[in-house]
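Structural overview for review
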Amino acid sequence: QQQVKQSPQSLIVQKGGISIINCAYENTAFDYFPWYQQFPGKGPALLIAIRPDVSEKKEGRFTISFNKSAKQFSLHIMDSQPGDSATYFCAASMPGGGNKLTFGTGTQLKVEL
Amino acid sequence: GAGVSQSPSNKVTEKGKDVELRCDPISGHTALYWYRQSLGQGLEFLIYFQGNSAPDKSGLPSDRFSAERTGGSVSTLTIQRTQQEDSAVYLCASSLAGLVPGELFFGEGSRLTVL
């Protein structure tokens, strides 16, 4: 059972554009929602994270929007750059879960010049 | 080293052979995780060690998979009688559990190919 559904599977955006990746979850017990960024040949690295008591979190060009009632959250990358080309994973964890994350299936982003 | 170290980085084996994958976590990290990354499947949780507690093995796909963590540090993931469907990248991560929820530090992975 896929508890965190991610879309799209792949995304091509022009340099300077906005990249948007969406995730939906099923388990309302989830209380922490991080996004990880993975470059080819590397392990994923934490990009930004949000808790459900906040509707939006912004760090530089990266913003998470969170809709608790819809059980959805999304990553927005403003002014996308070729260096942002990577695979992005959303994830979720439960309280007391010891940072055990349930990941989405990933979105391969390509930012073209 | 400063990061999570995994070895080997690549392993090619024949169906039916046993393999061992090693993970050396960040010094001082109390929690260690193994994930499997298959093409188009995201990251699949396998097993989680936290201090001296019994490991959470709920993600292990079959009894051919096992893992141990010796001395609260290095971990070994063992796959017995490998099958072609075991081909994937096996990622290890560590964290200071409870300090920053959700922040896992991943190694670069061990790519396993079963012929």
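We now turn to the structure provided with this report. Quick caveat, the model's predicted, so the values are computed rather than measured.

For chain B, the helix and strand inventory stands at 0 helices and 10 strands. When its helices and strands are written in sequence order, chain B yields β-β-β-β-β-β-β-β-β-β. Taking 13 Å as the expected radius of gyration for a compact globule of 115 residues, we find that chain B reaches 13 Å, a close match to that expectation. By its C-alpha atoms, chain B is 40 × 25 × 25 Å across when sized along the principal axes. Going through the 115 residues of chain B one by one, you find that 46% of them count as buried.

Residues and elements named next belong to chain B. Taking strand neighbours across the sheet as the criterion, the 4 strands line up as β1-β3-β7-β6 in an open arrangement whose pairing is antiparallel. At either margin of the open sheet sits one strand with a lone partner, and together these are β1 (5–7) and β6 (65–69). On average, each strand axis in the sheet is tilted by 15° relative to the strand beside it, whichever way the strands run.

Residue and element names in this part refer to chain A. Tracing the backbone through its elements, the reader meets Gln14 in strand β2 (residues 10–14). Accessibility expressed as a relative area gives 44% for Gln14, which makes it partly exposed. Apart from residues no more than four positions distant in its own chain, Gln14 is found in contact with Ser80, Val111, Glu112 and Leu113. Polar side-chain contacts of Gln14 include one of 3.2 Å to the side chain of Glu112.

Applying the stated criterion across every chain, the model contains 2 disulfides over all chains. The disulfide that involves Cys23 of chain A links it to Cys90 of chain A, with 1.9 Å between the sulfurs. Taking the torsion about the sulfur-sulfur bond, which here is approximately -95°, the covalent link between Cys23 of chain A and Cys90 of chain A counts as left-handed. Here Cys23 of chain A, found in strand β3 (residues 19–25), pairs with Cys90 of chain A, found in strand β9 (residues 86–92); they are 67 residues apart in sequence, far enough to count as distant. For the residue pair Cys23 of chain A and Cys90 of chain A, the accessibility class agrees, reading buried in each case. One disulfide in the model links Cys23 of chain B with Cys92 of chain B; its S-S distance is 1.9 Å. Given an S-S torsion of about -65°, the disulfide between Cys23 of chain B and Cys92 of chain B has left-handed geometry. Of this pair, Cys23 of chain B sits in strand β3 (residues 19–24) while Cys92 of chain B sits in strand β8 (residues 88–95), and the two are 69 residues apart along the sequence. Accessibility assignment for this pair places Cys23 of chain B and Cys92 of chain B in one class, buried.

Reading guide: rules and limits
Residues numbered from 1 in each chain as written. Chains lettered and ligands numbered in written order. Predicted model: local features only at pLDDT ≥ 70, side-chain atom pairs only at ≥ 80, totals over all residues. Heavy atoms only, no water. Helix = DSSP H or I, 4+ residues; strand = E, 2+ residues; numbered from the N terminus. Rg over C-alpha atoms; globule rule 2.2 N^0.38 Å. Buried < 20%, exposed > 50% of the residue type's maximum accessible area, 1.4 Å probe, protein only. Pairing = 2+ DSSP bridges. Axes fitted to C-alpha atoms, helices over the stretch in contact; angles between N-to-C directions. Contact = heavy atoms within 4.5 Å. Polar contact = N/O pair within 3.5 Å; in protein donor to acceptor, adjacent residues only side chain to side chain. Disulfide = S-S within 2.5 Å.

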